[in-house]
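Here's the letter readout for the chains.
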Amino acid sequence: MPAHDTHLWRPYTQMKGAAPPLEAVRTHGSRIVLADGRELVDGIASWWTAVHGYNHPHIREALVAQSEAMPHVMFGGLTHAPAERLAARLAALLPGDLDHVFFTDSGSVAVEVALKMAVQLWINRGVAGRTRILAFREGYHGDTLGAMSVCDPEEGMHRRFGAYLPAQVFCDLPRDAGTTAALDAALARHGRELAAIIVEPLVQGAGGMRMHGPETLASVARLARRHGLPLILDEIFTGFGRTGTLFACEQAGVTPDILCLSKALTGGTLALAATVARTEIFAGFWSDDPAAALMHGPTFMANPLACAAANASLDLFAREPRLEQARAIGKRLAAGLGPLARLPGIRDVRTLGAIGVVQFESPPDLAALKRALVARGTWVRPFGDILYLTPALTIGAGDLDHLVESVGAVVREAASA
Ligand SMILES: *Cc1c(COP(=O)(O)O)cnc(C)c1O
């Protein structure tokens, strides 16, 4: 029997010998309060979700009001104002005719729905054999079966489950003439088996915070169009201001056929995701045949509490200068982290919007790094060979200085060790 003092099974954690997790009891602003009274400045906004900081009163009030009226009701056969309003607002904010919103409850499932949408679109059109997806190396799209199948093929989880996963087609992002030609060739070679292309615009997040320019995204969109394939943008990480614009695709002037949102959608309060399709995609399901309907429907889809929180979060984006705040954070991160690039053992320092990344030459001792940061009152989650900051867009100047200084201090310590 394993010696184990909790009933909880933790994410991505070898339970044997795992250091006990810190116990959080309260949150406020950009701070997490621990059971022992210590307070940590959160450098990653709770896995990229809490863009307005924690416990924002406007979101809390919306949640309280909605919990009194109707915390949940099934969505099959019923509708409600929070979902209708949120879908209309997302359609208005997103570019082009991305007007048809399907709600789910996690990013992975939003990606599953996007992939199923693309595959079923071809079935509905009477075209057989288009069941594969073209995805990019170093990408990350989630932990469920279809989503895992489009994650980087060499990454640990994908490799481990390889035999269980649908075989997809992988390419390098088209960053130059050679990789653009290779992508074009792969699209020509696999054209008749492909249902769609999926990509994270501007930043591949969980795959290593790798950034690419708007011209790379524009190349992907151009090639998708040339080969007649729907383009799926996974904006689950990049959406809602993280890259300095409300959506990353705006920076490339690209309107995808299908777009996935989650993470910051409810301002970090409740689980909610959306898969948004252009009218041409939606029209592919519009039919007298019931079997042509989109075949998906999670029990808790469009949960009214989550929709109310998301509407409140959109109010804050409308009322408060979040995008300016994101760009100001980016400047501070660039100025504060930039000099670390000259240290031995550091491969690269890069920033975009409110994202700052320090990449080591080789994977550092992550556990030691985390301990050193917690000792300095900082909460981050370094992974692989990177240490990164993605703070709340509302973070105060003092807390942001604290993050930059503590990251600088531990990176200097690691470099001189
Ligand atoms: C986090 C993430 C997902 C998965 O979302 P979950 O809510 O964890 O299922 C998918 N794609 C991207 C780009 C993400 O960052």
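Here the structure is a predicted model, which is why all the values come from computation and not from measurement.

> Would you explain the overall build of the protein in this entry?
Counting its regular elements, the protein contains 13 helices and 16 strands. Computed over the C-alpha atoms, the radius of gyration of the protein is 22 Å, within 12% of the 22 Å expected from 2.2 N^0.38 for a compact globule of 417 residues. The 417 residues of the protein split such that 52% are buried. Here the analysis covers contacts within the protein between residues at least 6 apart in sequence; of these, 71% occur between residues at least 24 apart. Element-wise, carbon and sulfur atoms account for 57% of the exposed surface of the protein, whose accessible area totals about 18,500 Å².

> Sorry, what's going on with the site of the ligand here?
Inspection of the region around the ligand gives Trp48, Ser106, Gly107, Ser108, Tyr140, His141, Gly142, Glu200, Asp234, Ile236, Phe237 and Lys263 as its neighbouring residues. One of the side-chain nitrogen or oxygen atoms of Ser108 is found 2.6 Å away from an oxygen atom of the ligand. Take Lys263: an N or O atom from its side chain is 2.8 Å from an oxygen atom of the ligand.

> It is not clear to me how the layout of surface pockets should be interpreted in this structure. Could you clarify?
Empty space left among the atoms is revealed by rolling a probe the size of a water molecule over them. Quantified by volume, the second largest pocket comes out at close to 410 Å³. Along its surface, the second largest pocket is lined by 18 residues, and His100, Val101, Phe102, Phe282 and Leu294 are the ones closest to its centre. The element that contributes the greatest number of residues to the lining of the second largest pocket is strand 4 (residues 98-104), accounting for four residues. Looking at side-chain class alone, the lining of the second largest pocket contains 15 nonpolar, two polar and one charged residues.

> I tried to follow helix 13 (residues 397-416) on my own but got confused; where do I start?
Helical geometry: 3.6 residues make up each α-helical turn, so side chains three or four residues apart lie on a common side. Taking 1.5 Å per residue as the helical rise, helix 13 with its 20 residues ought to reach 28 Å, and the 28 Å between its terminal C-alpha atoms agrees with that figure. Taken residue by residue, helix 13 has Asp399, Leu400, Leu403, Val404, Ser406, Val407, Gly408, Ala409, Val410 and Val411 as its buried positions.

Criteria and cut-off values
Residues numbered from 1 in each chain as written. Predicted model: local features only at pLDDT ≥ 70, side-chain atom pairs only at ≥ 80, totals over all residues. Heavy atoms only, no water. Helix = DSSP H or I, 4+ residues; strand = E, 2+ residues; numbered from the N terminus. Rg over C-alpha atoms; globule rule 2.2 N^0.38 Å. Buried < 20%, exposed > 50% of the residue type's maximum accessible area, 1.4 Å probe, protein only. Contact = heavy atoms within 4.5 Å. Areas by Shrake-Rupley, 256 points an atom, 1.4 Å probe, with all protein chains shown as cover. Near = heavy atom within 4 Å. Polar contact = N/O pair within 3.5 Å; in protein donor to acceptor, adjacent residues only side chain to side chain. 1 Å grid on protein atoms, 1.4 Å probe; cavity = no way out; pocket = protein on both sides within 12 Å on 5 of 7 lines; lining within 4 Å. Points joined across faces, edges and corners; volume = space filled by probe spheres on them. Nonpolar A, V, L, I, M, F, W, Y, C, P; charged D, E, K, R; others polar. Expected span 1.5 Å × (residues − 1).

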